[in-house]
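Residues per chain, in single letters:
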Amino acid sequence: MTESKSKAFPYLPHTDKEREEMLRAIGVRTFEELIEQIPAAVRAGTLNIPEGKSELELTDYLASLAEKNKPASHQKSFLGAGSYRRFVPAALPVIVNRSEFATAYTPYQPEVSQGSLQAIYEFQTAICLITGMEVANASMYDGPTACAEAALMACRLTGRKRILVSSAVNPEYRMVTQTYANSCDLVVDTVECRGGTTGQIEAGPDCAAVVVQHPNYFGCLEDLGQIEASAHKDGALLIVVAEPISLGLLAPPGQFGADIVVGDAQPCGNFLSFGGPSAGFMATRQRFVRQLPGRLAGMTVDNRGQRAFTLTLQTREQHIRRAKATSNICTNQALNALSMLVYLTLMGPAGLREVAEVSVRRAHALAEALAAIPGVKLRFAEPYFNEFVIDTPEPATQLLEVLAQRGILGGLALARFYPDMKNSILVSVTEMNSPAELDDYAGELAAVLAPARNAVAEPERVKA
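Residues numbered from 1 in each chain as written. Predicted model: local features only at pLDDT ≥ 70, side-chain atom pairs only at ≥ 80, totals over all residues. Heavy atoms only, no water.

A. Representation of the overall build of the protein chain in the model. Each helix and strand counted, the protein chain has 12 helices and 15 strands in total. Considering only C-alpha atoms, the protein chain reaches an extent of 90 × 80 × 45 Å along its principal axes. Going through the 464 residues of the protein chain one by one, you find that 47% of them count as buried. Partitioning the contacts of the protein chain with sequence separation of at least 6, the portion at a separation of at least 24 is 70%. By element, 56% of the accessible surface of the protein chain is carried by carbon and sulfur atoms, the whole surface being about 24,100 Å². Charge separation in the protein chain, taken as the distance between the mean sites of 42 positive and 50 negative side-chain charges, equals 3 Å. (Helix = DSSP H or I, 4+ residues; strand = E, 2+ residues; numbered from the N terminus. Buried < 20%, exposed > 50% of the residue type's maximum accessible area, 1.4 Å probe, protein only. Contact = heavy atoms within 4.5 Å. Areas by Shrake-Rupley, 256 points an atom, 1.4 Å probe, with all protein chains shown as cover. Lys, Arg positive; Asp, Glu negative; His and termini not counted. Charge placed at Lys NZ, Arg CZ, Asp CG, Glu CD.)

B. Spotlight on the packing of aromatic side chains. Tallying each qualifying case throughout the model produces 8 aromatic pairs. Ring geometry for Tyr 217 and Phe 218: centres 6.1 Å apart, planes at 65°, overall edge-to-face. When its relative accessible area of 3% is taken as the criterion, Phe 218 is described as buried. A centroid spacing of 6.2 Å and a plane angle of 35° characterise the contact between Tyr 217 and Tyr 418, whose relative ring orientation is tilted. In this pair, Tyr 217 is assigned in the loop between strand E5 (207-214) and helix H9 (224-233) and Tyr 418 in the loop between strand E14 (412-413) and strand E15 (424-428), connecting sequence segments 201 residues apart. What makes Tyr 217 buried here is its relative accessible area of 3%. Residue class for Tyr 418 comes out buried when judged on its relative accessible area of 9%. (Phe/Tyr/Trp six-rings, centres within 6.5 Å; stacked < 30°, edge-to-face > 60°.)

C. Inspection of the pattern of salt bridges at higher detail. In this structure the tally under the stated criterion is 15 salt bridges. Put simply, Glu 431 and Arg 86 hold a salt bridge, and the shortest N to O gap is 2.6 Å. Here Glu 431 is found in the loop between E15 and helix H12 (435-463), whereas its partner Arg 86 is found in the loop between strand E1 (76-77) and helix H4 (91-96), with 345 residues between them in sequence. Note on Arg 86: relative accessible area 7%, which makes it buried. With its nearest N and O atoms 3.1 Å apart, the salt bridge here joins Glu 357 to Arg 353. One end of the pair, Glu 357, and the other, Arg 353, are both in helix H10 (residues 334-371), 4 residues apart, so they sit about a helical turn from each other. Exposure remark for Glu 357: the relative accessible area of 27% places this residue in the partly exposed category. Taking the relative accessible area as the measure of exposure, Arg 353 reaches 40% and is therefore partly exposed. Salt bridges sharing partners connect three or more residues here, namely Arg 162, Asp 189 and Asp 206. (Salt bridge = Lys/Arg side-chain N within 4 Å of Asp/Glu carboxyl O.)

D. Spatial organisation of the pairing of strand E12 (residues 387-391). Burial within E12 is extensive, with 5 of its 5 residues counted as buried. Residues Glu 387, Val 389 and Asp 391 line one face of E12 and the alternating positions Phe 388 and Ile 390 line the opposite face, and both faces are buried. When E12 meets E15, the two strands line up antiparallel, connected through 5 bridges. Its bridge partner lying in E15, Ile 390 is registered against Ile 425. (Pairing = 2+ DSSP bridges.)

E. Inspection of the sheet that holds strand E2 (residues 135-136) at higher detail. Here 7 strands make up an open sheet; going across it, the order is E2-E8-E7-E6-E5-E3-E4 and the pairing mixed. Of all the strands in the sheet, the pair left with one neighbour each is E2 and strand E4 (187-191). Here helix H6 (residues 114-131) sits on the sheet and contacts E2, strand E7 (260-264) and strand E8 (280-284); the angle it forms with E8, its principal contact strand, is near 65°. (Axes fitted to C-alpha atoms, helices over the stretch in contact; angles between N-to-C directions.)

F. Inspection of the sheet that holds E15 at higher detail. Taken in spatial order, the 4 strands of this open sheet run E11-E12-E15-E14, and their pairing is antiparallel. The outermost strands of the open sheet, each flanked by one partner alone, are strand E11 (377-378) and E14. Across 2 bridges, the pairing between E11 and E12 is antiparallel. Looking at the pairing, Leu 378 lines up with Ile 390 of E12. Against the sheet, H10 touches E11, E12 and E15, its axis set at about 5° to E12.

G. Layout of the environment of Cys 184. For Cys 184, the position within the fold is in the loop between helix H8 (171-183) and E4. Taking relative accessible area as the criterion, Cys 184 reaches 33% and is therefore assigned partly exposed. Expressed as a C-alpha distance, the spacing of Cys 184 and Ala 258, which sit 74 residues apart in the sequence, is 24 Å. Once residues within four sequence positions are removed from consideration, Cys 184 is found in contact with Leu 152 and Lys 161.

H. Broad picture of the packing of H6 against H10. Packing of H6 against H10 brings their axes to within 9 Å, and their N-to-C directions diverge by 60°. Here H10 runs oblique to H6, going by the angle between their axes. Of the two elements, H6 crosses H10, and the hand of that crossing is left-handed. Where H6 approaches H10, its residues Ala 119, Glu 122, Phe 123, Ala 126, Ile 127 and Ile 130 are matched on the opposing element by Ala 337, Leu 338, Met 340, Leu 341 and Leu 344. By residue class, the composition of the contact of H6 with H10 is 10 nonpolar, no polar and 1 charged. (Parallel < 35°, antiparallel > 145°, perpendicular 65-115°, else oblique. Left-handed = near helix turned anticlockwise from the far one by under 90°. Nonpolar A, V, L, I, M, F, W, Y, C, P; charged D, E, K, R; others polar.)

Have a look at this one:
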C-alpha cells in the first residue's frame, strides 16, 4: 500500500502530497475551495456515523454482532418447505474448495477446461440416474427458475400457451413460473388440491404442461400415474418437481412417464447459508434435447482417440442462435452443482436411501407424537415423506414465536401462502433431528398449549 499520512482514510491509495498535486492541477488550494460553489444547503455535511476503528477493534465489533445471530444449526430446527438442514460430509468442502473448482468459470475452451467439463458431465449423469430420465443439462440457477424454464420449454414443444400448476407445488416455484409466463404472454392456471394432493385433473386440448410436485409442498405423495395419464390424454407434458433426497427411496418420476423433471440441489451437499446460493437441476427425454435450456456437456474423443469432454449444446442468446435461443440463462451454477455431485458420489445409492429412510421414520414418529397432543391433529390423511402439516388450536404464527423463544424452530406457518390455513404448520424432519429433539418438540408444544386447554376446561369443570 502506498504510504499515506492521512489518519482519517488509511486505506485510500493516494498520499497527501499526491492530493495536493491534484488540487494544484485543478487550480485550487484546498478541497473546501473545490466545493465552495456547491450551496451549503445541499452538501451532505458531517455523516452521522461512528468514528473509524482499527482492524482489531472492527473485528471484535463484527464478532459481537455475529454473536446475536441464531442460525438454524444452533437450534432445534424443523423448518423445510424447500430449504433443508441436511448433513454435509466433511470430505465435501475439502473437494469442492480445491482451487481448480473454486476458480473455474465458463468452460468455453475445452482444451483448458477438461476438469470442469468432466465434473459437469458427471453431474448430468447423476441427475439422470436419480430422476430416471435420459438427458440433463449442466444445472439451472435454482429450483424455482428450473420449474419456470421447464414450463416455457413445454410451451415451445407443444405450441400451446397454457400451463396448469397444482396448488400443492411450492408457492415460490409457482410465483417464479408466473413471472416468467407474464413476460411471454402465457397463461398459468392453478389446480386447487383437496385433501393434501392434486387428485384428478382435466388438462384440456390447449394445455402445454401439467406441473406437480412429488412429494408435494405439504409433504404428501402424489399419484403420478393418474396425473400422467390425465396430462398425456390431452397431449400435455408432465413436469415433476422432485426433492432429490426422496429419490433415494421413492420410484423416480421417469418411471411414471414424466417428460421433464426439475428440482433444487440444496439438500445435497449445499448448506442453508441464509437461503442460498443453490443450483437447479433439469432432466428430460432425449427427443426433447434441442429445446433444453442452458448448456449441456458431452463426452467425445480427441484427435488422438482419447476420451474428452466439450460443451455439446449451449443455447444462450449471445451465441449463434441469438433471438432463437431457448432461454436467456447465461450460465450454470457449477460450484453448487458440483457439491450435489460430490454428495451423491460420497453417499452412493445405499447411503442416499438410508438418509431418506431415517428422515421418513423420524418424521412419522414426530407426527404421531404431535397428533397425540390434545387439540393437535394431522391435517391430511395422505401418505407423506419427511414433511407433514399439523393443525393447532391456536394461530400458527403466535405458536411458532413462543416455540422459537424456547429454542425450537417449529416449522412454517402456512397462512403466509395459504390464507385459509392460519392454524396450520408445515413441519420438516431430516436426519439432523435426533430422537431427543423430537421428544423436546412434542414436549414443548404440549407445554405451550396446556394453559389454553386449562383455561377452556376450567369453566366446564366448575359448571359441572
